[in-house]
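# Coordinate inspection notes
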Amino acid sequence: MAASLPLNHSFSHSIPTYTFSHNPYKYKCYYLHNISSLCKQGQIQAAFNLLTQMDLQNLLIRPQIYGDLLQGCAYERDFFTGQQIHSRIIKNGDFYTTNEYVEAKLLIFYAKCDRIEISNNLFVRLRMKNVFSWAAIIGLRCRMGFNEDALMGLCDMITTGTLADNFVVPNALKACAALQWIRFGRGVHGYAVKMDFDDCMFVSSSLVDMYGKCSTLDDARKLFDRMPHKNVVTWNSMIVGYVQNGFHQEAIQTFRDMRLEDVHHTQVTLSAFLSASANIGAIEEGEQGHAIAVIAGFELDNRLGSSILNLYCKVGFIEDAELVFSMMLEKDVVAWNLLISSYVQADQAQKALRLCLMMRLENIKFDSVTLASIFSACAKMKNIQLGKECHSYCIRNNLQSGADVACGILTMYANCDQIGKARKVFDSMINKDLMLWNVILTAYAERGLAGETLRFFYQMQLEGLPPNATSWNAVILGFIRNGQVTRAKEMFSEMQAARIPPNLVTLTTLISGLVSSGLENEALLIFQKMQEFEIRPDTESIICAISACADQLSLQQGRAIHGHIVRHGLWLQIPIANALRDMYVKCGYINQSRMISIKEPLTFGSDDLCLSPMGCVVEL
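Residues numbered from 1 in each chain as written. Predicted model: local features only at pLDDT ≥ 70, side-chain atom pairs only at ≥ 80, totals over all residues. Heavy atoms only, no water.

### Here's the deal with the overall build of the chain
Rules: The numbering of helices and of strands both runs from the N terminus, where a helix is a DSSP run of H or I of at least 4 residues and a strand a run of E of at least 2. Values of the radius of gyration come from C-alpha atoms, whereas the globule rule sets the reference at 2.2 Å times the count of residues to the power 0.38. Residue exposure (1.4 Å probe, protein chains only): buried if accessible area is under 20% of the type maximum, exposed if over 50%, otherwise partly exposed. Here, two residues are considered to be in contact whenever any of their heavy atoms come within 4.5 Å of each other. Reported accessibility uses the Shrake-Rupley method at a 1.4 Å probe radius. Residues are deemed covered only where the shown protein chains occlude them. Charge counting follows a simple rule: Lys and Arg are positive, Asp and Glu are negative, and His as well as the terminal groups are ignored. By convention, charge coordinates are those of NZ in Lys, CZ in Arg, CG in Asp, or CD in Glu.
Assigned secondary structure in the chain consists of 35 helices and 0 strands. Whereas a compact globule of 620 residues would reach a radius of gyration of roughly 25 Å, the chain reaches 34 Å, over 25% beyond that. For the C-alpha atoms alone, the extent of the chain along its principal axes is close to 120 × 55 × 50 Å. In the chain, which comprises 620 residues, the proportion classed as buried is 47%. Summarising the internal contacts of the chain: among those between residues at least 6 apart in sequence, 59% fall at separations of at least 24. For the chain, the accessible area works out to roughly 31,200 Å², and carbon and sulfur atoms hold 53% of it. Mean positive and mean negative side-chain charge positions of the chain (55 and 59 charges, respectively) differ by 5 Å.

### Let's talk about the pattern of salt bridges
Selection criterion: Take a side-chain nitrogen of Lys or Arg and a carboxyl oxygen of Asp or Glu: if they are within 4 Å of each other, that pair is a salt bridge.
If you walk through the whole model with that rule in mind, you get 15 salt bridges. Two residues, Arg423 and Glu452, come together in a salt bridge whose shortest N-O distance is 3.7 Å. One end of the pair, Arg423, is in helix α25 (residues 419–428); the other, Glu452, is in helix α27 (residues 450–462), and 29 residues separate them in sequence. The class of Arg423 is partly exposed, set by a relative accessible area of 24%. Overall, the relative accessible area of 29% leaves Glu452 in the partly exposed class. Several salt bridges converge on common partners, so that one network encompasses Arg423, Asp427, Glu452 and Arg455.

### Quick look at the state of the cysteines
Defined as follows: We call a pair of cysteine sulfur atoms a disulfide when they lie within 2.5 Å.
Here the structure, examined in full by the defined rule, presents 0 disulfides. The closest cysteine sulfur to the non-disulfide-bonded Cys155 is located on Cys176, 9.3 Å from its own sulfur. Looking at the unpaired Cys356, the closest cysteine sulfur is the one in Cys390, lying at 7.5 Å.

### Comments concerning helix α26 (residues 434–446)
For clarity, the threshold we go by: To estimate the expected span of a helix, count its residues, drop one, and scale the result by 1.5 Å.
Taking 1.5 Å per residue, 13 residues should reach 18 Å; α26 reaches 18 Å between its end C-alpha atoms and fits that length. Burial in α26 covers these residues: Leu436, Trp437, Asn438, Val439, Ile440, Leu441, Ala443, Tyr444 and Ala445. Of the surrounding elements, those touching the buried residues of α26 are α24 (403–415), α25, α27 and α28 (469–481). Where α26 ends, the next residue or the one after it, Gly448, has phi of about 75°, a positive value.

### Side note on the packing of aromatic side chains
The geometry of an aromatic ring pair comes down to the distance between the two centres and the angle between the two planes. Threshold: Here a Phe, Tyr or Trp ring, Trp counted by its six-membered ring, pairs with any other such ring whose centre lies within 6.5 Å, and the pair is stacked when the planes are under 30 degrees apart, edge-to-face when over 60, and tilted otherwise.
According to the stated counting rule, one finds 17 aromatic pairs in the structure shown. Taken together, a centroid distance of 4.9 Å and an interplanar angle of 75° make the contact between Phe123 and Trp134 edge-to-face. Taken together, the positions of Phe123 in helix α7 (residues 116–125) and Trp134 in helix α8 (residues 131–143) put the pair 11 residues apart, joining distant regions of the chain. Overall, the relative accessible area of 7% leaves Phe123 in the buried class. Classification of Trp134 as buried rests on a relative accessible area of 6%. With 4.9 Å between their ring centres and 85° between their planes, Phe224 and Trp235 make a pair best called edge-to-face. Placement of the pair is Phe224 in helix α13 (residues 217–226) and Trp235 in helix α14 (residues 232–244), with a sequence separation of 11 residues. Looking at Phe224, the relative accessible area reads 2%, which means it is buried.

### As for a negative patch on the surface
Threshold: Patch building starts from residues that exceed 30% relative accessible area and form no salt bridge, then joins like charges within 9 Å and nonpolar side chains (Val, Leu, Ile, Met, Phe, Trp, Tyr) within 5 Å.
A contiguous patch of negative charge, built from Glu284, Glu287, Glu319 and Asp320, is present on the exposed surface. Contributions of two or more residues to the negative patch are made by α17 (283–295) and α19 (318–327). Relative to the helices and strands, Glu287 is located in helix α17.

### Some remarks on the nonpolar core
How we decide: The definition of a nonpolar core used throughout is a set of buried Ala, Val, Leu, Ile, Met, Phe, Trp, Tyr and Cys residues joined through side-chain atoms within 4.5 Å.
Of all hydrophobic cores here, the largest spans 193 residues; its most connected members are Val169, Leu309 and Ile561. With sequence-adjacent residues up to four places away left out, Ile561 is seen in contact with Leu524, Phe527, Ile542, Ala545, Ile546 and Cys549.

### Looking at the environment of Thr506
Inspection of the secondary structure assignment puts Thr506 in helix α30 (residues 504–516). Filtering out sequence-adjacent residues up to four positions away, Thr506 remains in contact with Asn473, Ile476, Phe492 and Met495.

### Some details on the confidence of the model for the chain
Selection criterion: Known as pLDDT, the predictor's confidence for each residue is given on a scale from 0 to 100.
Per-residue confidence for the chain averages 84 on the pLDDT scale, and 90% of its residues sit at or above 70. The model gives residues 1–23 a pLDDT under 50, and that stretch makes 30 contacts with residues more than four places away or in other chains. Confidence drops under a pLDDT of 50 for residues 600–620, and excluding neighbours within four residues, the segment shows 45 contacts in the predicted structure.

### Focus: α14
Helix length check: α14 (13 residues) gives 18 Å between terminal C-alpha atoms against 18 Å at 1.5 Å per residue, within 8%. Of all the 13 residues making up α14, 10 are buried; the element is thus mostly covered by neighbouring parts of the structure. Those residues of α14 lying buried are Thr234, Trp235, Asn236, Ser237, Met238, Ile239, Val240, Gly241, Tyr242 and Val243. As for α14, its buried residues are in contact with α12 (201–213), α13, α15 (248–260) and α16 (267–279). Note on α14: the residue one or two positions beyond its end, Gly246, has a positive phi of about 85°.

Below, the structure written as structure tokens:
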């Protein structure tokens, strides 16, 4: 009588032998059924042991069994076992190696295991290429970054008469997005509509993603709004598309809509939402996103943890950033760089350098972003010795040619009063971009070396790089630091004639230089130009303008500036309050000076209207 064997029996440790002498057909069906079942359950080794037992029993193995085993290996990415099965297929002869079903499964297996050379060789040798083999090779090319080859494969597939299905189309759209081939993407969209795939949620989500990554957000939104059913992938595609194109407010609103639709968010959703919040300084929304992540029980992996860390670093919440950093399960170089750069921006250079040391102890290599932060910290601390060591590290690891690193090296030497060494580094650079030229221009300008600054300014243009506002600012600063205010004003006029709009730095530099040279009235006129250029003054420019109001004639302008300060809540800043006190004292208004407080704003009576010399209220 035939022995029976439970279906859930494990073959991983031994290979028992069973005899079905009365019914060989039933015996073969038993093996076929169990191998197929074990493969679907992911128990590849147990299924392979059954195949071995079939060999021991000298049973004929059907191509379907090899196909099921290869499919199981593909699902589990079990490359080693799949190679063993492939070896048996070759050993058993042409009956199996030339079987179309086995050939297709071999291709799918190697493609799923990302073996592109083997897959390409198998694909070329295929006598019959069906939709599954095309899907495997196109999907592999997309995953490996061979996007053009993937799209050419799609064209070949359709040309040879094989219709792409709703698995091939999303891969093609992914390739279009990676290459920014919007016209090709529209063609794929048209094909999807023709084949009635646009109703497939998977295809529609891929279309939204493609249009978003190709910066055609209107088309992405139209598709998104027309979709009757949206899953979390669709919502994520729309939110990520907004963030990648700088529409952060729209990304936040879409996230709110997603919450109202009661769609369960993922870590991808929250990462994109937190990035949008960080980029526009939406602290409340960002904190809500962090709370949602905690309530959902998401682990702080590299992606989500870095998004929360980025939020707190950008808004200057250093202590919160430190706490998130300490709670992250794994920290890649991006996470380390975020906290290091936030320390540098917060003028905590010593902390930044200590964190760099910890980073090295964790065996994480510095990248160009890390090194740029280190050089910035060295520049602020004027730590020339550490700066030289980092420079040597860059040379040893061939990192000194990157734009950020090169600019960091120049700035470090310049701030450490080693302008000669900064010049040598600059001259050694083969490819000098506009950023690098501006750094060397600013380095000379800040030291009042106006002649050298101007020489570099003209040399840059001779080499084919037109100056931008930063370049002009450096030349203006150089003349002001050298006491040549008239030349600085001339350069400002030339800048306007060249149709380069001035920025806040331009006007603040001029105002400061004019005040220092006793030209207060001209400084106030430049301050008024901020309104003409639609530039909102910052703390430094306001203090410079207030310091220009030193007599009764300029007091009205000073009061106008005071009114702007009150309206925008800037009286809370101690430097501005002190500047206002000094202004009123210089103008002989001692009582009003005493009324200036950082707790309560000074209110003007009806006789104290904030008028400009032209007789109108100044609103900056």
